[in-house]
Amino acid sequence: MDKVRYGIVGIGKQGSGYASKLFAGMDKNAVLTAVCDTAEDRREWAKQKFGDKVKVFDDYEKMLTSGLIDAVIVDTPHYAHPVIAKRALELNIHTLSDKPAGVYTKAVREVAEYAEKERPQIKFGLLYNQRTSKIYKAAKAIIDSGELGNIKRIVWIITNWYRPQAYYSQGGWRGTWAGEGGGVLINQDPHQLDLFTWLAGSKITSVNAIAKTVGRKINVENDVTAMCTFENGATGVFITSTHDAPGTNRLEISGEGGKMVISGSNDFSMKLEFTKLEMLEPEFSKVNKVFMGKPKSKTIKVKFTLGEIIKGLLIDKGQHINVIRNFSSVVLGKEDKLIGKYEEGLNGLSFSNAIHLSSWLGKAVNPNDKKFEDMYYAELQKRIEEEKTNSIK
Ligand SMILES: NC(=O)c1ccc[n+]([C@@H]2O[C@H](COP(=O)([O-])OP(=O)(O)OC[C@H]3O[C@@H](n4cnc5c(N)ncnc54)[C@H](O)[C@@H]3O)[C@@H](O)[C@H]2O)c1
């Protein structure tokens with residue numbers, strides 16, 4: 001195979017962008033050969049845009065069995081991600097799912113296990129584009145180098161996802177239990193939930209949370225305060241919303257070796273500051289004899305220039321095509337490692353599911369508990385049922 005022949009299922013807001021980029025030749029190892037959407041207007045858009053060079057389907061089964069594609073990108077609403085991914089794997093088609101991996105971990109785990117046992121030769125990725133951001137890569141490198149020492153606490157306030165009522169009132173699948181399986185956690189936050197668990201580098205063992213709806217006519221949550229513990233003893237706080245104006249984006253990671261802060265309300269002002277102690281805090285406290293003494297530190301600022309941002313090093317559109325380029329290279333055997341493996345979607349998603357479940361039950365939950373997945377699924381079904389008679393959207 002010279003080039004990976006791609007098909008895309010779901011050419012709405014996001015999938016149409018990937019289709020246009022592949023069609024424009026932005027991945028030299030890929031060619032767009034097919035697209036699929038159940039909506040007629042989207043299929044018309046594709047016919048106008050791509051002409052007869054790209055085959056347009058109305059049913060993903062027909063596209064997956066057409067013999068026209070080696071790989072598929074799944075960009076439908078979230079519930080269908082694991083369903084379509086499973087079918088593509090059965091047909092030996094390399095699969096790149098957009099985030100989130102699914103709505104609930106039970107479905108995602110089943111597909112991930114199928115892939116591992118039955119289709120180990122098929123590449124199966126997740127479109128975690130923010131993992132390619134230079135700022136988060138720098139944070140991960142500082143943590144992995146040991147300079148921050150053991151992590152004590154990780155706190156993320158991400159409340160700058162402002163969405164007015166008009167966003168939710170536009171109809172469709174967004175902002176409903178049946179259509180998308182949650183609110184800010186499942187729609188806006190999957191990248192942050194992934195990075196939160198990826199940077200902490202340890203399994204979450206308990207979650208206590210409040211998830212509620214503030215100021216919008218929707219059934220799903222748009223305001224969350226969650227507290228968690230990690231296997232390595234660290235604690236975490238995750239606060240998110242879609243109704244705060246102005247909102248905040250601030251990630252603070254404290255370790256025995258100092259503190260790292262990533263902040264900035266938009267792509268251009270984002271910065272990373274690492275305040276490094278001269279000696280690890282536990283050692284300082286042992287040797288210090290001064291009443292109210294404090295460890296000495298120096299601050300290292302990692303600020304990115306406008307030029308770097310424009311070149312696609314930060315949160316810009318280049319991130320998504322870079323994940324697709326990585327996927328094509330791995331399919332062709334030119335690179336070994338996927339930026340995001342599908343099963344890694346379970347980390348952030350189980351945190352998200354645990355936040356919902358803790359809030360619904362009014363107590364702390366452990367996402368590793370054997371009954372957790374079934375309990376979450378049952379409680380989610382209750383909300384879907386209630387929504388049928390009590391939809392306020
Ligand atoms: N990686 C990112 O940064 C990022 C950003 C935005 C959205 N997304 C993800 O992309 C996905 C799609 O979001 P969107 O904003 O493009 O939504 P959208 O509603 O604009 O597009 C979804 C499309 O899927 C089509 N569709 C639905 N069911 C289908 C089926 N069974 N077969 C074929 N087509 C089907 C719809 O007709 C629609 O055109 C979501 O899961 C979302 O989380 C990812």
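Before reading on, note that the structure itself is shown above.
Just so it is clear, the structure is predicted and the values come from calculations on it, not from any experiment.

1. Describing the site of the ligand
Now for step 1: Taken together, 22 residues surround the ligand, and among them Gly-10, Gly-12, Lys-13, Gln-14 and Ala-39 come closest.
Now for step 2: No other element matches the three residues that helix H1 (residues 13–23) contributes to the shell around the ligand.
Now for step 3: When its residues are assigned to classes, the shell around the ligand shows eight nonpolar, eight polar and six charged.

2. A few points about the pairing of strand E4 (residues 71–74)
Now for step 1: Judged by which residues are buried, E4 turns out to be covered on both faces: Ala-71 and Ile-73 on one side and Val-72 and Val-74 on the other are all buried.
Now for step 2: Sheet topology note: the strand E1 (residues 4–9)/E4 ladder contains four bridges and is parallel. Paired with Tyr-6 across the bridge in E4 is Ala-71.
Now for step 3: Remark: the E4/helix H4 (residues 80–90)/strand E5 (residues 94–97) crossover connection has right-handed handedness.

3. Re the sheet that holds E4
Now for step 1: Strand order in the open sheet made by the six strands is E3-E2-E1-E4-E5-E6, with parallel pairing throughout. The sheet terminates laterally at strand E3 (55–57) and strand E6 (124–126), the two strands that pair on one side only. Pairwise comparison of adjacent strand axes, ignoring direction, gives a mean angle of 25° for this sheet.
Now for step 2: Inspection of the sheet shows E5 paired to E6 by three bridges, in the parallel sense. Across the sheet, residue Thr-95 finds its bridge partner in E6, namely Phe-124.
Now for step 3: Here helix H12 (residues 318–331) sits on the sheet in contact with E1, strand E2 (30–36), E4, E5 and E6, set at roughly 160° to E5.

Conventions we followed
- Residues numbered from 1 in each chain as written.
- Predicted model: local features only at pLDDT ≥ 70, side-chain atom pairs only at ≥ 80, totals over all residues.
- Near = placed C-beta within 6 Å.
- Helix = DSSP H or I, 4+ residues; strand = E, 2+ residues; numbered from the N terminus.
- Nonpolar A, V, L, I, M, F, W, Y, C, P; charged D, E, K, R; others polar.
- Buried ≥ 20, exposed ≤ 12 C-beta atoms within 10 Å, placed from the backbone.
- Pairing = 2+ DSSP bridges.
- Right-handed = clockwise from strand over helix to strand, strands pointing away.
- Axes fitted to C-alpha atoms, helices over the stretch in contact; angles between N-to-C directions.
- Contact = placed C-beta atoms within 7 Å.

Spatial relationships are all this shows, so hold off on functional conclusions.
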